[in-house]
Amino acid sequence: MTATVDLIDAFRSADPDRRARLLRGCEAGADSDRVDFLITLVEDSAEDPAVRTEAARALALIAAIDGEEPGRLFDEELDTARNLIGEILAGVANRDPDEDLRVWALRGLARCDLPDSAIRVLVGLALAEREDPLLRTLAAAAVYAQAPESVVRTEALPVFDHDPILAGGPHTA
């Protein structure tokens with residue numbers, strides 16, 4: 001059995017109070033099956049909020065980690081997983097009813113290199129006047145954290161300067 005199969009089996013048989021703890025540190029040695037499992041947990045609105053939050057945190061770490069590690073996703077597989085994770089977490093941050101999960105997704109996205117489609121979602125969230133100011137600020141921070149070569153990021157920064165909540169963000173320092 002692989003480590004991922006063992007993790008999934010342990011998760012499914014665990015007491016509900018212990019499930020979130022089982023996911024801590026599960027980003028180490030992540031493979032495509034583990035990424036799929038974590039995505040399923042994040043997207044399942046019937047799942048315990050603590051489990052969904054821990055799964056989102058693990059996904060963000062998987063997308064942010066570089067390096068050669070036995071059993072890990074590599075090269076194109078990792079790039080594909082990163083893009084998928086970025087898009088899924090951006091979607092969760094943008095529309096999930098659980099505000100804590102949205103916060104954790106946004107914090108994780110600030111550590112990831114995101115595809116333009118995910119950055120666009122974050123720009124929209126950052127500029128959504130009816131959204132919670134904390135979520136807007138975290139979305140903007142995730143946009144600021146993207147590579148300066150990102151056209152979407154570059155176009156968003158001047159717009160952020162005209163927003164009363166986002167003006168004077170980290171890009172002006």
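For the structure itself, consult the block above.
Residues numbered from 1 in each chain as written. Predicted model: local features only at pLDDT ≥ 70, side-chain atom pairs only at ≥ 80, totals over all residues. Heavy atoms only, no water.

> Go over the packing of aromatic side chains with me, naming the residues and quoting the values.
Under the counting rule described, the total for this entry stands at two aromatic pairs. Judged by centre distance (5.3 Å) and plane angle (80°), the rings of phenylalanine 11 and phenylalanine 37 are edge-to-face. Pair noted here: phenylalanine 11 is in helix α1 (residues 3–13) and phenylalanine 37 is in helix α3 (residues 32–43), with a separation of 26 residues, a long-range link. What makes phenylalanine 11 buried here is its relative accessible area of 3%. Ring geometry for tyrosine 144 against phenylalanine 160: centres 5.6 Å apart, planes inclined by 90°, an arrangement best described as edge-to-face. Highlighted residues: tyrosine 144 in helix α8 (residues 133–144) and phenylalanine 160 in helix α9 (residues 151–161), separated in sequence by 16 residues. Directly above the aromatic system of phenylalanine 11 lies the positively charged group of arginine 19, at a separation of 4.4 Å from the ring centroid. The residue whose ring lies beneath arginine 107 is tryptophan 104, and the NZ or CZ to ring-centre distance is 5.4 Å. (Phe/Tyr/Trp six-rings, centres within 6.5 Å; stacked < 30°, edge-to-face > 60°. Helix = DSSP H or I, 4+ residues; strand = E, 2+ residues; numbered from the N terminus. Buried < 20%, exposed > 50% of the residue type's maximum accessible area, 1.4 Å probe, protein only. Lys NZ or Arg CZ within 6 Å of the ring centre and 35° of its normal.)

Taken by themselves, the reported measurements are silent on function.
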